[in-house]
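Descriptive analysis of the structure
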Amino acid sequence: MNRNRAFYIGRFQPYHLGHHAVIQKIAKEVDEIVIGIGSAQKSHTLEDPFTAGERVMMVSRSLEELDITYYVIPIMDVHRHAIWVSHVRSLTPPFNVAYSNNPLVIDLFSEAGIKVKKSPLFQRDVYSGTEIRRRMLNDKKWQDLVPKAVVKVIKEIDGVQRLKKLSKIDSQG
Ligand code: NAD
């Protein structure tokens, strides 16, 4: 019997508890999850500080606690939205449903004839990459907005210091 496999993509800068709650929900509905690390080519900017490899670590280690088979695949952007779904499919295990809350992602998958389920938002005001990066820069508490595994990865890669250095470069330039 074919397995019911879902696709979920995000930039995960960083992976936070909102993303994690969505994946926990998806895990109850399918057999396997394919997670795309979007904008995989980006890193070392204030909006996209973490590399694809670092984000693979954040997601993979956070998902170890869930009882589901998952694949974490870095996906670089392409300059033409019209071919993006084919690009994604060329890199991932086959999937029969995509979950997203991003309007462009929803439109592109729907137009390609792939079933899309709109994922719910959890406490979007605080579970947000922008808010977490803002707190990191301002020495505010961010650790309770991400899974414990992500706190460890960010510590391991000295992520907060990287963000602070990037902010200095940005304000000088
Ligand atoms: P993101 O990390 O901001 O969010 C990922 C998903 O989580 C989204 O569905 C978002 O709505 C959801 N989310 C965010 N906060 C949440 C919360 N608190 N609770 C529940 N869900 C929450 O990433 P994104 O920007 O949506 O990622 C899309 C990726 O796809 C980007 O990397 C983008 O560049 C890529 N993309 C590329 C092309 C192209 O290359 N042409 C086209 C479309 C999309």
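The structure we're discussing is the one just above.
Small disclaimer: the values here were computed from a predicted structure and weren't measured.

**Focus on the packing of aromatic side chains**
In this description, a pair of aromatic rings is defined by centroid distance and the angle of the planes. Under the counting rule described, the total for this entry stands at six aromatic pairs. Ring geometry for phenylalanine 95 against phenylalanine 109: centres 5.9 Å apart, planes inclined by 85°, an arrangement best described as edge-to-face. Taken together, the residues phenylalanine 95 in the loop between α3 (84–91) and β4 (97–100) and phenylalanine 109 in helix α4 (residues 103–111) connect sequence positions 14 residues apart. Phenylalanine 95 gets classed as buried once you look at its relative accessible area, which sits at 8%.

**Regarding the pairing of strand β3 (residues 69–74)**
Each regular strand displays side chains that alternate between the two surfaces of the sheet. The pairing of strand β2 (residues 32–37) with β3 spans six bridges and is parallel. Its bridge partner lying in β3, glycine 36 is registered against isoleucine 73. Crossover handedness for the path β2 to helix α2 (residues 52–63) to β3: right-handed.

**Things to note about the site of the ligand**
What surrounds the ligand is a group of 26 residues, the closest being Tyr8, Ser39, Val78, Phe122 and Tyr127. The separation between an oxygen atom of the ligand and a polar side-chain atom of tyrosine 8 is 2.8 Å. Relative to its unbound accessible surface of 850 Å², the ligand loses 90% to contact with the protein. Contributions of two or more residues to the shell around the ligand are made by β1 (5–10), α1 (17–29) and α4. Broken down by class, the residue content of the shell around the ligand amounts to 13 nonpolar, 10 polar and three charged.

**Here we look at the pairing of strand β5 (residues 115–118)**
As paired strands, β4 and β5 are joined by four bridges and run parallel to one another. Of the residues in β5, the one forming a bridge with alanine 98 is valine 116. Tracing the backbone out of β4, into α4 and back to the parallel element β5 gives a crossover that is right-handed.

**Focus: the pattern of salt bridges**
According to the stated counting rule, one finds 10 salt bridges in the structure shown. The partner of arginine 135 in a salt bridge is glutamate 131, with the nearest N and O atoms 2.7 Å apart. Pair noted here: arginine 135 and glutamate 131 are both in helix α5 (residues 129–137), with a separation of four residues, about one helical turn. Glutamate 131 carries the same exposure label as arginine 135, and that label is buried. Of the charged contacts in the structure, one is a salt bridge between lysine 164 and aspartate 139, with a shortest N-O distance of 2.5 Å. Remark: aspartate 139 occurs in the loop between α5 and α6 (148–156) and lysine 164 occurs in helix α7 (residues 159–172); sequence separation between them is 25 residues. Within this structure, Arg3, Arg5 and Glu32 form a network of salt bridges that share partners.

What counts as what
- Residues numbered from 1 in each chain as written.
- Predicted model: local features only at pLDDT ≥ 70, side-chain atom pairs only at ≥ 80, totals over all residues.
- Heavy atoms only, no water.
- Phe/Tyr/Trp six-rings, centres within 6.5 Å; stacked < 30°, edge-to-face > 60°.
- Helix = DSSP H or I, 4+ residues; strand = E, 2+ residues; numbered from the N terminus.
- Buried < 20%, exposed > 50% of the residue type's maximum accessible area, 1.4 Å probe, protein only.
- Pairing = 2+ DSSP bridges.
- Right-handed = clockwise from strand over helix to strand, strands pointing away.
- Near = heavy atom within 4 Å.
- Polar contact = N/O pair within 3.5 Å; in protein donor to acceptor, adjacent residues only side chain to side chain.
- Areas by Shrake-Rupley, 256 points an atom, 1.4 Å probe, with all protein chains shown as cover.
- Nonpolar A, V, L, I, M, F, W, Y, C, P; charged D, E, K, R; others polar.
- Salt bridge = Lys/Arg side-chain N within 4 Å of Asp/Glu carboxyl O.

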